[in-house]
Amino acid sequence: METALMNIKITKTTESRVAQFDENNINFARMYTDHMLVADYEDGEWKTAEIMPFGNMSMHPATTFIHYGQSIFEGIKAYKSEDGSVNIFRPQDNFERFNISAKRMAMKEVPEGIFMGGLKTLVDMDKDWVPAVDGTSLYLRPFLFATDEFIGVRPPTKFRFMIIMTPAGAYYNKAIDIYVQDKYVRAFPGGVGFAKASGNYAAAMQPTVEIQEQGFDQNLWLDGVERKYIEEIGTMNVFFVIGDKVVTPSLESGTILNGFTRASVMTLLRDKGIEVEERKISIDEIVEASATGTLKEAFGAGTAAVIAPINSLTYKGAKMSLPPQEEWSVSPGVKQELADIRYGRSEDKYNWMFSVEA
Ligand SMILES: *Cc1c(COP(=O)(O)O)cnc(C)c1O
């Protein structure tokens, strides 16, 4: 990390905008911090990464990702503890997943020094932008796109890696109404479902608009082959509490994003002695559990919402309602424990928090 840090060229802004930032009134993604990181790959090597004032960039109209979509990203959060220290949640995991995504899209992997060293330096420089109010955070967005100025179809040879950051407010956890999507699919075996590829988001937009027009919040995606097994909800992993067990879809199909909120939830549950099963879950099993009253809780898990409780699931015109949240006994505790670790209120016994000052 030392050598990597020395390799970042830093140009500080002369006009910080942080005074305009009100941490009690955060509009996610409306304001970006003072600085951003840019690193280019060309002529077979990564050039020196640069941290510079946040701003626009210009681009050749034939830039390849605009046409063919070689673009991936990550979503990470940094948290401020009561003592003012700033820590990033599990960035090493995001770094590894980032390069798994890069490989699948025939893109150059980003070196650890640029990704991890860049995050650390950038967050430390802009730490006055990390809000301290409970439930808030600084959202970090690393992304990589192909920059060949060429509309011929071929694997790209030039890339740009960037990190931008925006404050995130406390997420209002209204329980969501889910549409079990049996027409469109998000991913299929052999495809790119496991990658955090921009195109996955593009392809999910229209099916989401369609169900939101009918009053639903998110799709529950079923597998692309049989439309039978549960995969994810919207852009989150999904959990169900059935009886005294917690179940979540297993990842071996390669069609589900390997989320670290998911992994963290499983770790916390198992540590409390709660049985967690990762396996195939058919929608019929959920319908059955709902009918017999053993479906106790259902929730999404992802960096943005952390835990998103589900109010109802609608499948083939029939609505299944979850018990009221006041009766939930599993997910609220996990959510609290996760928050306590992130804000430094409880011991970081799994080594999830990465200090930007150390
Ligand atoms: C990012 C993402 C998730 C959640 O992953 P986390 O690491 O928990 O943020 C789940 N599903 C999809 C499709 C995603 O893109």
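Reading the values: the criteria
Residues numbered from 1 in each chain as written. Predicted model: local features only at pLDDT ≥ 70, side-chain atom pairs only at ≥ 80, totals over all residues. Heavy atoms only, no water. Domains from an automatic or database assignment. Contact = heavy atoms within 4.5 Å. Buried area = accessible area lost by both parts, 1.4 Å probe. Salt bridge = Lys/Arg side-chain N within 4 Å of Asp/Glu carboxyl O. Polar contact = N/O pair within 3.5 Å; in protein donor to acceptor, adjacent residues only side chain to side chain. Helix = DSSP H or I, 4+ residues; strand = E, 2+ residues; numbered from the N terminus. Near = heavy atom within 4 Å. Areas by Shrake-Rupley, 256 points an atom, 1.4 Å probe, with all protein chains shown as cover. Nonpolar A, V, L, I, M, F, W, Y, C, P; charged D, E, K, R; others polar. Expected span 1.5 Å × (residues − 1). Buried < 20%, exposed > 50% of the residue type's maximum accessible area, 1.4 Å probe, protein only. Phe/Tyr/Trp six-rings, centres within 6.5 Å; stacked < 30°, edge-to-face > 60°. Axes fitted to C-alpha atoms, helices over the stretch in contact; angles between N-to-C directions. Left-handed = near helix turned anticlockwise from the far one by under 90°. Pairing = 2+ DSSP bridges. Core = buried A, V, L, I, M, F, W, Y, C linked by side-chain atoms within 4.5 Å.

Right, let's get into the domain arrangement of the chain. Domain annotation of the chain identifies domain 1 (8-169) and domain 2 (176-342). The centre of domain 1, based on its C-alpha atoms, is set 28 Å off from the matching centre of domain 2. Across the contact, 18 residues belong to domain 1 and 19 residues belong to domain 2. Roughly 1,700 Å² of surface becomes buried between domain 1 and domain 2 when both sides are summed, with 61% attributable to carbon and sulfur atoms. The largest per-residue losses of area from domain 1 upon contact with domain 2 belong to F73, R97 and R104, which jointly make up 35% of the total buried on that side. Linking domain 1 with domain 2 are 0 salt bridges, by the criterion used here. Applying the counting rule to domain 1 against domain 2 returns 10 residue pairs in polar contact (both at pLDDT 80 or more). Mapped onto the side of domain 1 that touches domain 2, the elements with two or more residues apiece are β5 (71-73), β6 (76-80) and α3 (91-104).

Take the site of the ligand next. The immediate surroundings of the ligand are formed by 14 residues, with K196, Y201, E232, T261 and T303 found nearest. Residue K196 places a side-chain N or O atom 2.7 Å away from an oxygen atom belonging to the ligand. Between the ligand and T261 there is a distance of 2.6 Å, counted from an oxygen atom to a side-chain nitrogen or oxygen. In isolation the ligand offers 380 Å² of accessible surface; the protein chains occlude 97% of this area. Looking at the shell around the ligand residue by residue, the classes come out as 4 nonpolar, 6 polar and 4 charged.

A separate point is helix α8 (residues 331-342). The first and last C-alpha atoms of α8 sit 17 Å apart over 12 residues, in line with the 16 Å expected at 1.5 Å per residue. Turning to α8, its buried residues number three or more, namely S331, V334, L338, D340, I341 and R342. In this structure, the buried side of α8 is in contact with β6, β7 (86-89), α6 (260-271), β16 (295-302), β17 (306-315) and β19 (353-355). Directly after α8, the chain includes G344, whose backbone phi takes a positive value near 70°.

The next thing to look at is the environment of A291. Position of A291 among the secondary structure elements: in helix α7 (residues 283-292). Residue A291 is classed as exposed on the basis of its relative accessible area of 68%.

Moving on: the packing of aromatic side chains. A full pass over the atoms with the stated rule returns 17 aromatic pairs. Ring geometry for Y32 and F54: centres 5.2 Å apart, planes at 5°, overall stacked. Of this pair, Y32 sits in the loop between β1 (9-10) and β2 (35-42) while F54 is found in the loop between β4 (50-53) and α2 (64-68), placing the two residues 22 residues apart along the sequence. Since its relative accessible area comes to 31%, F54 is described here as partly exposed. Taking the centre distance of 5.2 Å and the plane angle of 55° together, the rings of F98 and F115 count as tilted. Of the two residues, F98 is situated in helix α3 and F115 in helix α4 (residues 112-125); the sequence distance between them amounts to 17 residues. Three or more aromatic residues link up through ring pairs in this structure, and these residues are F95, F98, F115 and F161.

A pair of packed helices is characterised by two quantities: the angle between their axes and the separation of those axes. Contact geometry for α3 and α4: axes closest at 10 Å, N-to-C directions at 145°. In this structure, the crossing between α3 and α4 has a hand that is right-handed. Here P91, Q92, N94, F95 and F98 of α3 lie close against α4, whose contacting residues are E112, F115, M116 and L119.

This part takes up the pairing of strand β18 (residues 318-321). The pairing of β17 with β18 spans 4 bridges and is antiparallel. When the sheet's bridge partners are listed, Y315 is paired in β18 with A318. The turn linking β17 back onto β18 is made up of 2 residues, and K316 within it adopts a positive phi angle of 50°.

On the secondary structure map, D43 appears in the loop between β2 and β3 (45-46). Classification of D43 as exposed rests on a relative accessible area of 68%. Distance in space between the C-alpha atoms of D43 and V287 is 55 Å, their sequence separation being 244 residues.

Where β1 and β4 come together, 2 bridges link them in parallel fashion. When the sheet's bridge partners are listed, K9 is paired in β4 with E50. Here β2 runs beside β4; their pairing, made up of 4 bridges, is antiparallel. Paired with V38 across the strands is E50, a residue of β4.

Formed by 39 residues in total, the largest nonpolar core has its most connected members in L37, F115, L140, L144 and F161. For this core, the elements supplying multiple residues, two or more each, are β2, β6, β7, α3, α4, β8 (137-146) and β9 (159-168). Looking at which element gives the most residues to this core, the answer is α4, with 6 residues. Each residue touching F115, except ones within four places of it in the same chain, is listed here: I76, P91, N94, F95, F98, V110, P142, F161 and I163. In terms of nonpolar packing, the next biggest core, distinct from the first, is built from 26 residues, I233, F240, I310 and L322 among them.

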